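# Survey of secondary and tertiary structure
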Amino acid sequence: MELVDIFIIGAGPAGSISAAKLVQEGFSVKVVDRLKFPRFVIGESLLPRCNELLDDANMLECIQKADFQLKGGAIFESEYDDYTALDFSKNMGQKWGSSFQVKREKFDKLLIDDAQTKGCDVEYETEVIAYDENENIITVKNLDGREKRYKAKKVLDASGYGRVLPRLLNLEAESSLALRRAVFARVDNDVRPTDETNGYIIISVVGNNDAWMWNIPFSDGTTSVGIVCTEKYFNSFGMSDEEFWEHTVYAYPPTAKRYKNSKRTVDVGSIVGYSSAVTKLFAQNYILTGNASEFLDPVFSSGVTLALESGSKAAELVARELKGEAVDYQVEYEDYMMMGINVFRDYVDAWYDGTLQTIIFSDKANAGITKKIVSILSGYVWDEKNSFVTSSRLALKTTYEILK
Ligand SMILES: Cc1cc2nc3c(=O)[nH]c(=O)nc-3n(C[C@H](O)[C@H](O)[C@H](O)COP(=O)(O)OP(=O)(O)OC[C@H]3O[C@@H](n4cnc5c(N)ncnc54)[C@H](O)[C@@H]3O)c2cc1C
């Protein structure tokens, strides 16, 4: 059995940032991933808060050098000619006013390679199959069926959709969000804005808030196009994923125009029931980070931000604990993470009940309100100077009543 200070399950953004931070603190770190990298995962649009977290972990440089599409903000459009462009630099004074649109196969590989260069030990095609919580012993299996055991001082679960510890330790909880489906593909040759909004994500509201689409432009000229709707709405069409994607994209005037000369560059994929929750985020021997903890919804592109935030915070606290300092994981980790997650949850709820669209599309919203919302949509959901963070529900409700 091999001994390590920290064992990390999964080499996505949550795993990479915690690995990089912990090796830089002088700990021995083992990361395993069941897949070979590069590998595809959905989640291609980043928020400015990601840049801050990567910078803090000394990982931003490898991303800045990689020629990703700069993302300066978000456009919201409807088929009834509503249109609002939110510029991320017009925030509440935060340092980062932009981020990137990234193909995750490239982004995730750059991050884990960077963590490896900094000193962590990474092993691919190695799956975690068992965990003894009391002894803190992890069992992995390689492609050839060989099993090996590791004993760690701390285990970080960064297994994303694999949800390794929630499954093995029975920590799954019911998500508060409805069952939704995402149907997605990539295309070439789209018609893009030629002004400063080139590079923004475009969120298209379909019909009477029946569904919405993401349009994420990449620097290589291809674009990610995904549709999100309830399972009930999807089933009402009686179509396959591919038929539904083609139908929705070309029946909706703004995207029909945007993709009139486009061809799909990949097959249509889908994910159903992606929202997830857990009963707790930590115990004495382990911490859940990123999508292995709670995942809400893709509408505000918050997933990678929350993965980096939780991976980063978990690493800081583990480093302090292993150096002999007292750490209150309830307050410093779970309460902290849930504060940001719950702010995003209020915005996701307000998106699906239509309140937020009314605010975003209103031409009566003043610059003060817009700044506060821009800060939240940039991932600054822990900023206690922002009343839209500290009283998110009340602020949304009051603003809606004034603007409707
Ligand atoms: C439809 C949809 C669209 C989205 N769009 C966005 C977006 O635009 N922007 C955004 O920020 N987020 C988006 N997200 C969220 C995003 O996909 C996730 O939040 C993000 O990938 C989480 O990162 P992670 O590091 O937690 O996990 P992941 O990136 O999923 O990495 C986990 C790793 O763990 C490995 N693993 C799993 N099981 C095991 C095991 N047993 N043993 C070893 N390794 C294992 C996996 O192979 C994987 O490489 C979207 C999500 C959905 C559903």
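Everything discussed here concerns the structure shown above.
Below, the structure is looked at part by part.

Quick notes on the rules
Residues numbered from 1 in each chain as written. Predicted model: local features only at pLDDT ≥ 70, side-chain atom pairs only at ≥ 80, totals over all residues. Heavy atoms only, no water. Axes fitted to C-alpha atoms, helices over the stretch in contact; angles between N-to-C directions. Helix = DSSP H or I, 4+ residues; strand = E, 2+ residues; numbered from the N terminus. Parallel < 35°, antiparallel > 145°, perpendicular 65-115°, else oblique. Contact = heavy atoms within 4.5 Å. Nonpolar A, V, L, I, M, F, W, Y, C, P; charged D, E, K, R; others polar. Phe/Tyr/Trp six-rings, centres within 6.5 Å; stacked < 30°, edge-to-face > 60°. Buried < 20%, exposed > 50% of the residue type's maximum accessible area, 1.4 Å probe, protein only. Salt bridge = Lys/Arg side-chain N within 4 Å of Asp/Glu carboxyl O.

All right, on to the packing of helix H9 (residues 303-322) against helix H10 (residues 329-352) then. Relative orientation of the contacting elements H9 and H10 amounts to 170°, with a least axis distance of 10 Å. The orientation of H9 with respect to H10, classified from their angle, is roughly antiparallel. Here Leu-306, Glu-309, Ser-310, Lys-313, Ala-314, Leu-317, Val-318, Arg-320 and Glu-321 of H9 come into contact with H10, specifically with Tyr-329, Glu-332, Tyr-333, Tyr-336, Met-337, Ile-341 and Phe-344. Here the residues of the contact of H9 with H10 sort into 10 nonpolar, 1 polar and 5 charged.

Attention now goes to the packing of aromatic side chains. Per the stated rule, a full pass over the model turns up 17 aromatic pairs. On the basis of an interplanar angle of 65° and a centroid distance of 6.1 Å, the ring pair of Phe-68 and Phe-107 is categorised as edge-to-face. With Phe-68 in the loop between helix H3 (60-64) and strand E3 (69-71) and Phe-107 in helix H4 (residues 104-118), the pair connects residues that are 39 residues apart, well separated along the chain. Like Phe-107, Phe-68 is buried. With a centroid separation of 5.0 Å and an interplanar angle of 80°, the aromatic rings of Phe-234 and Phe-244 are classed as edge-to-face. Here Phe-234, found in helix H6 (residues 231-235), pairs with Phe-244, found in helix H7 (residues 241-251); they are 10 residues apart in sequence, far enough to count as distant. For the pair Phe-234 and Phe-244, a shared accessibility class is recorded, and that class is buried.

Below, the discussion takes up the pattern of salt bridges. Side chains that differ in sign of charge can pair as their charged atoms come close. A complete count under the given rule lists 34 salt bridges for this structure. For Glu-316, the salt bridge goes to Lys-21, with nearest N and O atoms at 2.8 Å. Remark: Lys-21 occurs in helix H1 (residues 13-24) and Glu-316 occurs in helix H9; sequence separation between them is 295 residues. For Lys-21, a relative accessible area of 11% puts it in the buried group. One salt bridge in this structure joins Lys-109 and Asp-113, with 2.8 Å as the shortest N-O distance. Here the residue Lys-109 and the residue Asp-113 both occupy positions in helix H4, the gap between them amounting to 4 residues, near one helical turn. Here Lys-109 falls in the partly exposed class, since its relative accessible area comes to 26%. Under the relative-accessibility criterion, Asp-113 is labelled partly exposed at 26%. Here the salt bridges share partners, and the residues they tie into one network are Lys-21, Asp-56 and Glu-316.

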